[in-house]
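Geometric and topological summary
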Amino acid sequence: KTPKTYEAIFTQARAEFRRRDHEIETYTQISVSPEDDIELRRVALTNRSESPRMIEVTSYAEVVLARQAQDESHPAFSNLFVQTELVPGRQAIYCTRRPRSAEEQPPWMMQTMMVRGTTMGELSYETDRLRFIGRQRTHASPQALEGKSSLSNSQGPVLDPVVCIRQNVLLKPNETARIHLVTGSGNNERGHEHVSGD
């Protein structure tokens, strides 16, 4: 959607985005760690209205876990091997590819969301792109952003995997909530424990 105000700043260290929609200010910083294979998004939401506001924060990313050439040549086939797992205790979704042989060690991916502010209800998750986008819908108007406030909490093998995490945040007038969204990859599941546990 076109915001009331918008600003983007790009530096070597990070990308920054500021926007204002319906008296809600959003400030997003996106950076990639030089030491670890993680992307960190820090989002600050500030309520500039005179009324409390409930904000539904939802992440969305499509899962590949394959080399670019392999994904481009057979994306639907490649997606069939992705397995997803919800880890509510870590507020995370883990993904990996089912190995094709005993020698193969497929990579792992994780996404976690941490909220500093007043939250309402539990985190919910989605790993099925069709359930999130919906039939004959687009990314600009996905089914998951209409109607009910919780995602399906699907996991396991799906035809078209995604990682989505949702949390409802309550903002009082002039109050700010901070959301930290970490997406990372590693050679094994244990490699994510220090990232999602921090």
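Since the structure is predicted, the reported quantities are computational estimates derived from the model, not experimental observations.

Quick notes on the rules
- Residues numbered from 1 in each chain as written.
- Predicted model: local features only at pLDDT ≥ 70, side-chain atom pairs only at ≥ 80, totals over all residues.
- Heavy atoms only, no water.
- 1 Å grid on protein atoms, 1.4 Å probe; cavity = no way out; pocket = protein on both sides within 12 Å on 5 of 7 lines; lining within 4 Å.
- Points joined across faces, edges and corners; volume = space filled by probe spheres on them.
- Helix = DSSP H or I, 4+ residues; strand = E, 2+ residues; numbered from the N terminus.
- Nonpolar A, V, L, I, M, F, W, Y, C, P; charged D, E, K, R; others polar.
- Pairing = 2+ DSSP bridges.
- Salt bridge = Lys/Arg side-chain N within 4 Å of Asp/Glu carboxyl O.
- Buried < 20%, exposed > 50% of the residue type's maximum accessible area, 1.4 Å probe, protein only.
- Core = buried A, V, L, I, M, F, W, Y, C linked by side-chain atoms within 4.5 Å.
- Contact = heavy atoms within 4.5 Å.
- Polar contact = N/O pair within 3.5 Å; in protein donor to acceptor, adjacent residues only side chain to side chain.

**Some points on the layout of surface pockets**
Counted as a void, the largest pocket has a volume near 1,300 Å³. Elements that contribute at least two residues to the lining of the largest pocket include exactly β2 (15-21), β3 (24-32), β4 (38-47), β5 (53-58), β9 (108-116), α3 (129-133) and β13 (176-186). In terms of residue count, β5 provides more of the lining of the largest pocket than any other element does, 5 residues in total. In terms of residue class, the lining of the largest pocket is made up of 19 nonpolar, 9 polar and 8 charged.

**Concerning the sheet that holds β9**
Across the sheet, which stays open at both edges, the 9 strands sit in the order β1-β2-β3-β4-β13-β9-β8-β7-β11 with antiparallel pairing between neighbours. This sheet does not close on itself; its edge strands, each paired only once, are β1 (5-10) and β11 (156-157). Pairing analysis gives 6 bridges linking strand β7 (residues 82-87) to strand β8 (residues 92-97), with the strands arranged antiparallel. Considered in β8, the bridge of Leu86 is made with Ile93.

**A short note on the environment of Val64**
If you trace the backbone, Val64 turns up in the loop between β6 (61-62) and α1 (68-73). Note: C-alpha distance between Val64 and Val82 (18 residues apart in sequence) is 8.0 Å.

**A few points about the pairing of β13**
Within a regular strand, side chains alternate between the sheet's two faces. As paired elements, β4 and β13 share 9 bridges and run antiparallel to each other. Counterpart to Ala44 in the pairing with β13 is Arg178. Bridge analysis of β9 against β13 gives 9 bridges, and the strand direction is antiparallel. Looking at the pairing, Trp108 lines up with Gly186 of β13.

**Describing the pattern of salt bridges**
If charged atoms from side chains of opposite charge come close, those side chains can pair. Summed over the entire model, instances satisfying the criterion amount to 12 salt bridges. Between Glu16 and Arg14 there is a salt bridge, with its nearest N and O atoms 3.4 Å apart. For Glu16, a relative accessible area of 11% corresponds to the buried category. Ionic pairing is found between Glu25 and Arg48, a salt bridge with its closest N-O pair at 3.3 Å. Of the two residues, Glu25 sits in strand β3 while Arg48 sits in the loop between β4 and β5, which places them 23 residues apart along the sequence. Among the residues examined, Glu25 registers a relative accessible area of 26% and is labelled partly exposed. A cluster of three or more residues bridged by salt bridges with shared partners is formed by Arg20, Glu23, Glu25 and Arg48.

**A word on the nonpolar core**
Grouped together as the largest cluster of nonpolar side chains are 23 residues, with contacts concentrated most on Leu45, Cys95 and Met113. Only β4, β5, β7, β8, β9, β10 (118-128), β12 (161-171) and β13 provide two or more residues apiece to this core. Not counting chain neighbours up to four residues away, the residues in contact with Leu45 comprise Ile24, Glu25, Thr26, Ile55, Val57, Leu171, Glu175, Thr176, Ala177 and Ile179. Grouped together as the second largest cluster of nonpolar side chains are 9 residues, Ile38, Tyr94, Trp108 and Met110 included.

**Considerations on the side chain of Glu16**
Inspection of the secondary structure assignment puts Glu16 in strand β2. Polar contacts involving the side chain of Glu16 include one to the side chain of Arg14, which spans 3.4 Å. Setting aside anything within four residues of it in sequence, one finds Glu16 in contact with Glu7, Ala8, Ile9, Tyr27, Thr28 and Gln29.

In short, shape yes, function no, at least from these values alone.
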